[in-house]
Amino acid sequence: EDAKQAGVAVAYGSHAILRAGSRSFYDFKRVTGKVGTKKSWKHFLAAVRFHHVPYGCGIWPAFFTLGTGVEWPTGGEMDILEYVNDQGSM
């Protein structure tokens with residue numbers, strides 16, 4: 001609900017849109033969204049279409065999964081998409 005109110009997440013029947021929000025009250029930070037579930041899976045399939053991935057100094061867009069049962073970073077993560085700072089699309 002917080003991400004919806006901040007305008008960074010919109011859910012439809014067949015898809016959702018996540019976007020970078022406006023600047024927060026912290027310097028150089030933006031409001032962001034996070035998708036989480038109460039269930040864990042051993043296998044999963046994600047169909048993702050990235051229409052626009054922002055880039056530039058200070059930007060760090062990422063889409064990743066986290067391990068279950070153990071907190072990050074001990075549980076690890078699997079990066080699906082991650083750009084660092086001013087590294088453009090490849």
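Residues numbered from 1 in each chain as written. Predicted model: local features only at pLDDT ≥ 70, side-chain atom pairs only at ≥ 80, totals over all residues. Heavy atoms only, no water.

### With respect to the overall build of the chain
When you go through the chain residue by residue, the secondary structure sums to one helix and four strands. When each of the 90 residues of the chain is scored for burial, the buried share is 9%. Partitioning the contacts of the chain with sequence separation of at least 6, the portion at a separation of at least 24 is 29%. Surface accessibility of the chain: about 8,300 Å² in total, with carbon and sulfur atoms responsible for 56%. (Helix = DSSP H or I, 4+ residues; strand = E, 2+ residues; numbered from the N terminus. Buried < 20%, exposed > 50% of the residue type's maximum accessible area, 1.4 Å probe, protein only. Contact = heavy atoms within 4.5 Å. Areas by Shrake-Rupley, 256 points an atom, 1.4 Å probe, with all protein chains shown as cover.)

### Points about the packing of aromatic side chains
Per the stated rule, a full pass over the model turns up one aromatic pair. A centroid spacing of 6.1 Å and a plane angle of 70° characterise the contact between Phe 50 and Phe 63, whose relative ring orientation is edge-to-face. Here Phe 50 is found in the loop between β2 (16–18) and β3 (62–66), whereas its partner Phe 63 is found in strand β3, with 13 residues between them in sequence. (Phe/Tyr/Trp six-rings, centres within 6.5 Å; stacked < 30°, edge-to-face > 60°.)

### Description of a nonpolar patch on the surface
On the surface, a cluster of nonpolar side chains totalling about 430 Å² of accessible area is made up of Trp 41, Phe 44, Met 78 and Ile 80. As for its placement among the helices and strands, Ile 80 is situated in strand β4 (residues 77–82). By relative accessible area, Ile 80 is classed as partly exposed at 40%. (Patch = residues over 30% accessible without salt bridge, like charges linked within 9 Å, V, L, I, M, F, W, Y side chains within 5 Å. Salt bridge = Lys/Arg side-chain N within 4 Å of Asp/Glu carboxyl O.)

### Side note on unusual backbone geometry
At the junction of Trp 72 and Pro 73, the peptide bond is cis and its omega measures out at 10° in the coordinates. Along the chain, Pro 73 falls in the loop between β3 and β4.

Any functional reading would require information that these geometric values do not contain.
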